[in-house]
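# Coordinate analysis (summary)
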Amino acid sequence: MPAWALRVIAVLVTGLSMVGSTSYALAHPKNANAPLQPPVAEKPAPEPEPEATPAPTLPFRTLEPTIAPTPTVAPKTPAPTAKATATVAGTVARAATPPVTLVPTPTRAAATLRPTPVPQLTLAAGVRATALPKVTYTHSS
Amino acid sequence: MGDLEFWFIARITGLTAFAVLSLSVLSGEALRTSVLDFLAKNRAVRKLHDFTTPLWLPLVFAHVIALLFDKTARIQPINVVVPFVTDYGELPIGLGTVAFDIVMIVTITSWLRSKMNNTLWTWIHRTSYIGFVALFFHAALSGTDFDAPLVSAIAWSTAAGLAILGISRIVWGRLPA
């Protein structure tokens, strides 16, 4: 066989290999079992945690049990957890376990507005409620 | 052109370069054995061996350049020349670097053969066997497509055939026609 024929065969082998490789690679763009898996994403830098601010000391406030209408307890509604991100301002009852949150009467709404429904509480006679400073919940991981 | 296009180019040129480099090694071995005597005389086989260089050289360069531009592959220019310094897959990628270095040295010394000592050139040229072994394991250990049965069967059978020829050449010298 002459040299030029061998060259033609070499070009044909190269062309066929190229066509075969192209068709195979395009038909299989991804291989989950590929031996090399370079890391493709860097972990984002963790956000700096907000500095804790000292809570202002507020005087206790006592709710009179005879105030009408009185708050009621809705036990099926879960209390906000520490993972929720929200700013809560309001009055927290410290009388019962699990802790419950007071929902104010319409006349007191300006002081204790909440974005979501919260458990309602009926305070027993002699139970004190206290006003707490604003609390910001941040998620923890 | 994005990473995916460069990735396709790297895979396609890598597979094709492996096939053409196999042909180059086969034609080189045929010069010292008689495996292609039924097909052509040594002069024609020698011309074929020389002719394969302009076939695989652009494929190898395209493979390397595509990986350099592919940000996902994270191949740095130093990784093209210095082996085993990547931040992942040191061995598979390093074997590719070794193979690249060897075939470049073999090719350049072949171009400069007339100005070189023939014995030195011969021994340098024999390192191409080491280069092909490194190339094969680079492809087998890092090739995305080498776990495919079709690609794997062709690659392993080609490498096995060339290995048998090479060992026969070493043990028995020039094979009978």
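Residues numbered from 1 in each chain as written. Chains lettered and ligands numbered in written order. Predicted model: local features only at pLDDT ≥ 70, side-chain atom pairs only at ≥ 80, totals over all residues.

### Some points on the overall build of chain A
Put simply, the test is: Strands here are runs of E lasting at least two residues and helices are runs of H or I lasting at least four, both read from the DSSP assignment and numbered beginning at the N terminus. Any residue whose C-beta has 12 or fewer other C-beta atoms within 10 Å is treated as exposed, any with 20 or more as buried, and any in between as partly exposed, C-beta atoms being built from the backbone. A residue pair is marked as a contact if its C-beta atoms, positioned from the backbone, fall within 7 Å.
Each helix and strand in chain A was counted, giving one helix and four strands. Reading chain A from its N end, one meets helices and strands in the order α-β-β-β-β. Per-residue burial for chain A yields a buried fraction of 11% across its 141 residues. Of the contacts formed within chain A by residues at least 6 apart in sequence, a portion of 72% connects residues at least 24 apart.

### What about the overall build of chain B?
Counting its regular elements, chain B contains six helices and zero strands. Tracing chain B from N to C terminus, the helices and strands come up as α-α-α-α-α-α. Counting over 177 residues, chain B shows a buried share of 39%. Nonlocal contacts in chain B, meaning residues at least 24 apart in sequence, comprise 66% of its contacts between residues at least 6 apart.

### A word on the nonpolar core
Where a protein is soluble and globular, its nonpolar side chains tend to be buried together. Under the convention used in this document: Any nonpolar core is a set of buried residues, restricted to Ala, Val, Leu, Ile, Met, Phe, Trp, Tyr and Cys, that join up through C-beta atoms within 7 Å.
One finds Ala17, Phe18, Val20, Leu21, Trp56, Ala99 and Leu135 of chain B to be the most contacted residues of the largest nonpolar core, which totals 44 residues. By residue number, the principal contributor to this core is helix 1 (residues 3-32) of chain B, which donates 14 residues.

### Looking at the confidence of the model for chain A
Residues and elements named next belong to chain A. For clarity, the cut-off: Confidence scores labelled pLDDT are given residue by residue by the predictor and lie between 0 and 100.
When pLDDT is averaged across chain A, the result is 65; 41% of the residues are at 70 or more. For chain A, the element scoring lowest by mean pLDDT is strand 2 (residues 91-93), at 39; helix 1 (residues 3-27) scores highest, at 94. The low-confidence segment residues 77-100, where pLDDT is below 50, has 50 contacts with residues more than four positions distant or belonging to other chains. The low-confidence segment residues 104-111, where pLDDT is below 50, has five contacts with residues more than four positions distant or belonging to other chains.

### Some words on the environment of Val45 of chain B
Relative to the assigned elements, Val45 of chain B resides in helix 2 (residues 42-69). Sequence separation between Val45 of chain B and Leu31 of chain B is 14 residues, and the spatial gap between their C-alpha atoms is 6.8 Å.

### Regarding unusual backbone geometry
Residues and elements named next belong to chain B. With phi around 55°, Arg74 is a residue other than glycine that occupies positive phi space. Relative to the helices and strands, Arg74 is located in the loop between helix 2 and helix 3 (77-81). Among the residues examined, Arg74 registers 16 C-beta atoms within 10 Å and is labelled partly exposed. Notably, Phe84 is not glycine yet its phi reads approximately 65°, a positive angle. Within the secondary structure, Phe84 sits in the loop between helix 3 and helix 4 (90-111). Accessibility expressed as a C-beta count within 10 Å gives 13 for Phe84, which makes it partly exposed.

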